[in-house]
Amino acid sequence: MSEIILSNPIIDLKETKKNLNSVLNSNFINEGKQTKQFENKICKFLKIKYAVTTTSGTTALFLALKAAGIKENDDVLVPNITFPATANAIKMAGGNPVLVDVDPVNILINENSLKKKITKKTKFLIPVHVSGRGSNIKKIIKLCKKNSIKVIEDAAEAFGSKINNKNLGSFGIAGCFSFAPNKIITTGQGGAVVTNNKNIYKKLKILKDQGRVGPTTGGEDKYVSNGYNFKFTNLQASLGLSQIKNIEWRKKKLNQIHNYYLKNINQNKYFKIIKFEIKNGETPLWTDVWCANRDKLYKFLKGRNVVCRYYWKPLNVTYPYLKSFSGLKESKKLQKKLMWLPSSLNMSIADQKKVCNLINSFYS
Ligand SMILES: Cc1ncc(COP(=O)(O)O)c(C=O)c1O
């Protein structure tokens, strides 16, 4: 019997092959026409002025920090529970990640802890929209404005998720997305930075291509700053274009899975589903749960071919961000309690039912 896993990409082979054929026939597989088309579709979908594709969500965060002017040793606030990529990007850009506690209700950065960590050295904040949640974004932006802190959203898991009809990723000075295989759309690897700021957009374009201003001619190119190679490819754009085409179906499917879990799993004092504000526009990329005895439940389900995914360990117990739990008491309580339930775009109702029945029987 096949395993029910966290997530599987859904790729429309006919549409993708059509796109790929066009790229291969043109013999231009580097970043070019199809990449631009994909960036334009992202802008239209997210209602944002500029989108710049890159090689991953991690390099998107790195580029956004660089384009927004991060300086060596600037303090950057980051939630203590996130994929280490967020903190790694800060380090890579020369910044100093400052770990902030999270809110146990939604696993987002905790505003009270945040206020306590702001100092004169704080120049940036990267809120992370874990699993597609971002309900605290407006309050955070307000607080940061008051303290002249720039907000770059880690929206790696929140492509298409909204708050009050505005897309996550479009609240800060820049928003960063990942197109890794477990995301709502995937290009194998890949990512994008979006912004409404023309200056940042121009810098992103230059930084991702060796500090060069186009059009590129070869040896005579004009280089105006240092830079990197984080170019996308038209091959990846072929995948992105075919998937963004049915993004509304993808969002609907993820909502359906989450609502099914909510309706059919009996929550109790040992097992709680972390809430989403679906009516407010949030899209649950994955359904995440708090369980008192997580590891036991995980093993029970795995033995029956349902493979959940443990949450990341808090950053403060992860090399190279080791530090005590002082000021991070909610993260400490959440440690070893959180995991994601299978939330794959191709999940059948029968599979969803199996997950619900097994969890209910575990607790009965
Ligand atoms: C919250 C978060 N931030 C950053 C990243 C990094 O994205 P990528 O794997 O595309 O580098 C990911 C994802 O995979 C993520 O989940």
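Per chain, residue numbering runs from 1 following the sequence as it is written. The predicted nature of this model means local features are confined to residues of pLDDT at least 70 and side-chain atom pairs, given and counted, to a pLDDT of 80 or more, with totals for whole chains, interfaces and linings taken over all residues.

Participant: I keep staring at the overall build of the chain and nothing clicks. Help me out?
Facilitator: Helix and strand labels come from DSSP, where a helix needs a run of H or I of at least four residues and a strand needs a run of E of at least two; each type is numbered from the N terminus. Helices and strands together make up the secondary structure of the chain, namely 12 helices and 15 strands. For the chain, whose C-alpha radius of gyration is 21 Å, the value lies close to the compact-globule estimate of 21 Å for 364 residues. Projected onto the principal axes, the alpha-carbon positions of the chain cover approximately 70 × 55 × 35 Å. Whether a residue is buried, exposed or partly exposed is read from the other C-beta atoms within 10 Å of its own C-beta, which are placed from the backbone; 20 or more gives buried, 12 or fewer gives exposed, and intermediate counts give partly exposed. Buried positions account for 48% of the 364 residues belonging to the chain. Residue pairs at least 24 apart in sequence account for 69% of intrachain contacts in the chain once pairs closer than 6 positions are excluded. Atoms counted for the radius of gyration: C-alpha only. Globule rule: 2.2 Å times the number of residues to the power 0.38. Throughout, a pair of residues is in contact if the C-beta atoms placed from their backbones lie within 7 Å.

Participant: How do you make sense of the site of the ligand when you look at a structure like this?
Facilitator: Taken together, 14 residues form the shell around the ligand, and within it Ser56, Gly57, Thr58, Ala156 and Ser178 come nearest. The set of elements that each furnish at least two residues to the shell around the ligand consists of α3 (57-67) and α4 (85-92). Residues are grouped as follows: nonpolar covers Ala, Val, Leu, Ile, Met, Phe, Trp, Tyr, Cys and Pro; charged covers Asp, Glu, Lys and Arg; every other residue, Gly included, is treated as polar. When the residues that make up the shell around the ligand are grouped by side-chain class, the tally is 5 nonpolar, 7 polar and 2 charged. Nearness here has a simple definition: the residue's C-beta atom, placed using the backbone, must lie within 6 Å of the molecule or strand.

Participant: I would appreciate a short explanation of the sheet that holds strand β9 (residues 191-195) in the present structure.
Facilitator: Strand pairing in a sheet is mediated by backbone hydrogen bonds. Such pairs are either parallel or antiparallel. Spatially, the 7 strands line up as an open sheet ordered β1-β9-β8-β5-β4-β2-β3, and their pairing is mixed. Strands at the two margins of the open sheet, each flanked by one partner only, are β1 (50-54) and β3 (96-100). Strand-to-strand twist in this sheet, taken as the mean axis angle between neighbours without regard to direction, amounts to 25°. Should DSSP find at least two bridges between two strands, the strands are regarded as paired. Two elements, β1 and β9, share 5 bridges in a ladder whose sense is antiparallel. By the bridge assignment, threonine 53 is partnered in β9 with alanine 192. Of the strands in this sheet, β1, β4 (122-125), β5 (150-154), β8 (174-178) and β9 touch α3, which is tilted by about 165° from β8. Every axis in this analysis is a line fitted to C-alpha atoms, fitted for helices over the stretch in contact. Angles between the N-to-C directions lie between 0 and 180 degrees.

Participant: What am I meant to see in unusual backbone geometry here?
Facilitator: Residues other than glycine predominantly adopt negative phi, and peptide bonds predominantly adopt the trans conformation. Following tyrosine 319, the chain continues into proline 320 via a peptide bond in cis, with omega recorded as 5°. Mapping proline 320 onto the fold places it in the loop between β14 (309-310) and α11 (329-334). Backbone geometry at serine 131 places phi at a positive 60°, although glycine is not the residue there. With respect to the secondary-structure elements, serine 131 resides in the loop between β4 and α6 (137-146). The backbone of serine 148 sits at a positive phi, close to 50°, despite the residue not being glycine. Mapped onto the elements of the fold, serine 148 is located in the loop between α6 and β5.

Participant: Which parts of the structure should I look at to understand the sheet that holds β14?
Facilitator: Taking strand neighbours across the sheet as the criterion, the 4 strands line up as β12-β13-β15-β14 in an open arrangement whose pairing is antiparallel. Because the sheet does not close on itself, it has two edges, and the strands there are β12 (271-273) and β14. Here β14 runs beside strand β15 (residues 338-340); their pairing, made up of 2 bridges, is antiparallel. Paired with tyrosine 310 across the strands is methionine 339, a residue of β15.

Participant: Even after reading the chapter, I still don't get the domain arrangement of the chain, so can you show me in this structure?
Facilitator: How big an interface is tends to be stated in terms of accessible area lost as the parts join. What marks off one domain from the next here is an automatic or database domain assignment. Domain boundaries in the chain define domain 1 (13-244) and domain 2 (247-363). One C-alpha centre belongs to domain 1, the other to domain 2; they are set 25 Å apart. Listed as interface residues are 34 residues of domain 1 and, on the opposing side, 30 residues of domain 2. Elements with a contribution of two residues or more to the side of domain 1 that touches domain 2: β3, α5 (111-117) and β6 (162-163). Within the side of domain 1 that touches domain 2, the residues separate by chemical class into 15 nonpolar, 13 polar and 6 charged.

Participant: Got a minute to help me understand the pairing of strand β2 (residues 75-79) in this structure?
Facilitator: A regular strand places its side chains so that they alternate between the two faces of the sheet. Here β2 lies mainly inside the structure; 5 of its 5 residues are buried. The pairing of β2 with β3 spans 5 bridges and is parallel. Considered in β3, the bridge of valine 76 is made with proline 97.

Participant: What is the right way to look at the nonpolar core in this model?
Facilitator: The tendency in soluble globular proteins is for nonpolar side chains to be buried side by side. Connectivity within a nonpolar core runs through C-beta atoms within 7 Å, and the core itself is a set of buried Ala, Val, Leu, Ile, Met, Phe, Trp, Tyr and Cys residues. Ranked by size, the top nonpolar core spans 90 residues in total, and within it Ala64, Leu65, Ile152, Cys176 and Val193 carry the most contacts. Counting residues per element, this core draws most heavily on α3, at 7 residues. Split by domain, the residues of this core number at least three in each of domain 1 (13-244) and domain 2 (247-363). Every residue in contact with valine 193, bar those within four places of it in the chain, is listed here: Val52, Thr54, Ala60, Leu63, Ala64, Ala174, Cys176 and Leu204.

Participant: Help me out: how do you make sense of the environment of isoleucine 107 in this one?
Facilitator: With respect to the element layout, isoleucine 107 can be found in the loop between β3 and α5. Residues isoleucine 107 and threonine 82, spaced 25 residues apart in sequence, show a C-alpha to C-alpha distance of 9.2 Å. Setting aside anything within four residues of it in sequence, one finds isoleucine 107 in contact with Ile81, Val102, Val130 and Ile274.

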